[in-house]
Amino acid sequence: MAVHWTIGADAGDPQRLAEFWALALGYVPEPGYDDPDGASLVDPDGVGPAIGFLRVPEPKTSKNRFHIDIRVAGEPPWDWLQRADLIRAKVAELEGAGATTVREEDYTDERGSVLGHVVMLDPEGNEFCVA
């Protein structure tokens, strides 16, 4: 049996970061959680792990060793051009919510080159990918 787990994230502004990740992932605030120095999100379908945000005084200082990949196209097999359009749409939505694009990574095979994923930073500089 799998163990239930939660992703924990340090934050300068837990509520703002929680709002961003709720939009990014389709999550909702955890019912009954009320802490001015924290925020908690849950998957409304009860499938994905909860995400907790805790206020810390120090800023982020280095690259994440662990990050979230947002898989907007679901599971393979994919229509690669449709998948690229879904990635670009999600990237634009997240830029509007305060994320920054770092770079696009293309995948190349016998069919040519197609958008593989986009590396981004959330509003507090945490790396993640949209794939």
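Residues numbered from 1 in each chain as written. Predicted model: local features only at pLDDT ≥ 70, side-chain atom pairs only at ≥ 80, totals over all residues. Heavy atoms only, no water.

Novice: Honestly, the overall build of the protein chain in this entry has me stumped. Any pointers?
Specialist: A tally of regular secondary structure across the protein chain gives two helices and eight strands. Secondary structure of the protein chain in N-to-C order comes out as β-α-β-β-β-β-α-β-β-β. The dimensions of the protein chain, computed from C-alpha atoms along their principal axes, are 50 × 35 × 25 Å. Evaluated residue by residue, the protein chain yields a buried proportion of 32% over its 131 residues. By element, 54% of the accessible surface of the protein chain is carried by carbon and sulfur atoms, the whole surface being about 8300 Å². A distance of 6 Å separates the average location of the 11 positive side-chain charges in the protein chain from that of its 24 negative side-chain charges. (Helix = DSSP H or I, 4+ residues; strand = E, 2+ residues; numbered from the N terminus. Buried < 20%, exposed > 50% of the residue type's maximum accessible area, 1.4 Å probe, protein only. Areas by Shrake-Rupley, 256 points an atom, 1.4 Å probe, with all protein chains shown as cover. Lys, Arg positive; Asp, Glu negative; His and termini not counted. Charge placed at Lys NZ, Arg CZ, Asp CG, Glu CD.)

Novice: So what exactly am I meant to see when it comes to the side chain of Asp122 here?
Specialist: Structurally, the position occupied by Asp122 is in the loop between β7 (112–121) and β8 (127–130). One buried charge, Asp122, has no salt-bridge partner; the nearest side chain with opposite charge is Arg16, at 7.5 Å. Within the structure, the side chain of Asp122 is placed 2.8 Å from the backbone nitrogen of Glu124, a separation counted as a polar contact. With near-sequence residues (within four places) excluded, Asp122 lies in contact with Leu17, Phe20, Trp21, Gly98 and Phe128. (Salt bridge = Lys/Arg side-chain N within 4 Å of Asp/Glu carboxyl O. Polar contact = N/O pair within 3.5 Å; in protein donor to acceptor, adjacent residues only side chain to side chain. Contact = heavy atoms within 4.5 Å.)

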